[in-house]
Amino acid sequence: IVACEDLGSTFDLDFNDAVFRLSYNSSGNNNSNLVITPLAAGGTLPIYLYYGEDNIGNIDGNNDPEFHTLINEDIKPENGRYPVLHADRKRDENSANTFTIPVPENFSIANTDFISNFKIRVNQGNDSYFINNEGIKKGKAPQMLFLPEDWRWPKELNSIFSAYPNFSAWTQNSSVLNWMNNYTEGMVVEDYQQQ
């Protein structure tokens, strides 16, 4: 799971503003793909997911699809803001749209170097800026997290520092990996349940 923060340290630091799952699919014969499944859009600003210079979702002729619309193509902004999607309860991934990126046959999702190709563009008023995992500094929260497949992102407006009490220890010492298993009940996303 890749979890992104769209406003840096200026708002809620809940890392649910753009959340997507990555999986690897190889059918042999040099036909390997990285599969992207958009999971949540807790931010309300228009955001766009890129892999390198390619906007994810471009494959259907939509030349600049916004991230919320990758989750629900019927979603429309109101006064320039999108509704929050799946920030408090996981979505049914069986009905989710997926997007593929061709990757070399020797690609390995365990080799995380490829993650630096992902970035999100955030539109805020007349300004636009990119967020990725570059410029990470000790003691500071990164803007993108690459986490195990069962990780539960914080609910909307719940800071990752409150939802995951050991997160700040990890920002000081990257070997403190148990932070992602120690969460505050009620502050992280709930599993999908049919209504």
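Conventions adopted
- Per-chain numbering applies: the sequence of each chain, read as written, is numbered from 1 onward.
- Only residues with pLDDT of at least 70 are given local features in this predicted model, and only at 80 or more are side-chain atom pairs given and counted; all residues enter the totals for whole chains, interfaces and linings.
- Side-chain numbers here rest on the full set of heavy atoms in the structure, without hydrogens or water.
- In this description, strands pair whenever DSSP reports at least two bridges between them.
- Helix numbers and strand numbers start at the N terminus; a helix is a DSSP run of H or I with at least 4 residues, a strand a run of E with at least 2.
- Every axis in this analysis is a line fitted to C-alpha atoms, fitted for helices over the stretch in contact. Angles between the N-to-C directions lie between 0 and 180 degrees.
- The buried label applies to any residue whose accessible area, calculated with a 1.4 Å probe on protein chains only, is under 20% of its type's maximum; exposed applies above 50%, and partly exposed to all values in between.
- Note on definitions: a residue-residue contact is assigned when non-hydrogen atoms from the two residues lie within 4.5 Å.
- Any two rings among Phe, Tyr and Trp, with Trp reduced to its six-membered ring, count as a pair given centres within 6.5 Å; such a pair is stacked if its planes are under 30 degrees apart, edge-to-face if over 60, and tilted if neither.
- Two thresholds decide whether a charge sits over a ring: the Lys NZ or Arg CZ must be within 6 Å of the ring centre and within 35 degrees of the ring normal.
- In protein, a polar contact means a hydrogen-donor-capable atom and an acceptor-capable atom, both N or O and within 3.5 Å, with residues adjacent in sequence counting only if both atoms are side-chain atoms; elsewhere, any N or O pair within 3.5 Å suffices.
- Put simply, a salt bridge is a Lys or Arg side-chain nitrogen that is within 4 Å of an Asp or Glu carboxyl oxygen.

(A) Region of the structure containing the sheet that holds strand β1 (residues 2-4). Ordered in space as β6-β3-β2-β1-β9, the five strands form an open sheet in which the pairing is antiparallel. The open sheet has two edge strands with one neighbour each: β6 (99-103) and β9 (144-146). For this sheet, the mean inter-axis angle between neighbouring strands, taken without regard to orientation, is 25°. Where strand β3 (residues 32-40) lies against β6, five bridges are found, and the strand directions are antiparallel. Bridge pairing in β6 places Ile36 opposite Phe99.

(B) A look at the environment of Leu70. If you trace the backbone, Leu70 turns up in helix α1 (residues 67-71). Judged by its relative accessible area of 3%, Leu70 is buried. Expressed as a C-alpha distance, the spacing of Leu70 and Gly57, which sit 13 residues apart in the sequence, is 6.9 Å. Non-local contacts of Leu70, meaning those with residues more than four positions away in its chain, are made with Pro38, Ile56, Gly57, Pro65, Asn97 and Phe99.

(C) Looking closely at the packing of aromatic side chains. Overall, the coordinates contain 15 aromatic pairs when judged by the stated rule. On the numbers, 5.5 Å between centres and 25° between planes, the contact of Trp151 with Tyr164 is stacked. Of this pair, Trp151 sits in the loop between β9 and α2 (160-163) while Tyr164 sits in the loop between α2 and α3 (167-172), and the two are 13 residues apart along the sequence. Through a chain of ring-to-ring contacts, the aromatic side chains of Phe15, Trp151, Phe161, Tyr164, Phe167, Trp170, Trp179 and Tyr183 assemble into a single cluster. Note that Lys119 overlies the ring of Phe130, its terminal NZ or CZ placed 4.8 Å from the centroid. Geometry around Tyr48 places Arg121 over its ring, the cationic atom sitting 4.0 Å from the centre.

(D) Broad picture of the side chain of Asn55. In this structure, Asn55 sits in strand β5 (residues 54-55). The class of Asn55 is buried, set by a relative accessible area of 5%. Among the polar contacts made by the side chain of Asn55, one reaches the side chain of Asp64 at a distance of 3.1 Å. When sequence neighbours within four positions are dropped, the list of residues in contact with Asn55 reads Tyr48, Leu49, Tyr50, Asp64 and Pro65.

(E) Quick peek at the pairing of strand β7 (residues 118-124). Across the seven residues that make up β7, a large majority, five, are buried. Looking at chain direction, strand β4 (residues 47-51) and β7 are connected through five bridges and run antiparallel. The residue of β7 that forms the bridge with Leu49 is Ile120. Across five bridges, β7 lies against strand β8 (residues 127-131) in antiparallel orientation. Counted as the bridge partner of Val122 is Tyr129 from β8. Linking two consecutive strands that pair antiparallel, namely β7 and β8, is a turn of two residues; a positive phi of about 65° is found at Gly125 within it.

(F) Focus on the environment of Asp191. Relative to the helices and strands, Asp191 is located in the segment after α3. The partly exposed category is assigned to Asp191, whose relative accessible area is 45%. Spatially, the C-alpha atom of Asp191 lies 5.9 Å from that of Arg89, the residues being 102 residues apart in sequence. Not counting the four nearest positions on each side in its chain, Asp191 is found in contact with Arg89 and Lys90.

(G) Expanded view of the pattern of salt bridges. What the rule picks out here adds up to six salt bridges. Among the salt bridges present, the one from Arg21 reaches Glu93, with a minimum N-O distance of 2.8 Å. With Arg21 in strand β2 (residues 18-26) and Glu93 in the loop between α1 and β6, this pair connects stretches of sequence that are 72 residues apart. Two residues, Glu190 and Lys155, come together in a salt bridge whose shortest N-O distance is 2.8 Å. Here the residue Glu190 occupies a position in the segment after α3, and Lys155 occupies one in the loop between β9 and α2, the gap between them amounting to 35 residues. Look at Glu190 and you get partly exposed, because its relative accessible area is 31%. Residue class for Lys155 comes out buried when judged on its relative accessible area of 14%. Each of the salt bridges in this network shares a partner with another, and the network as a whole consists of Arg89, Lys155 and Glu190.

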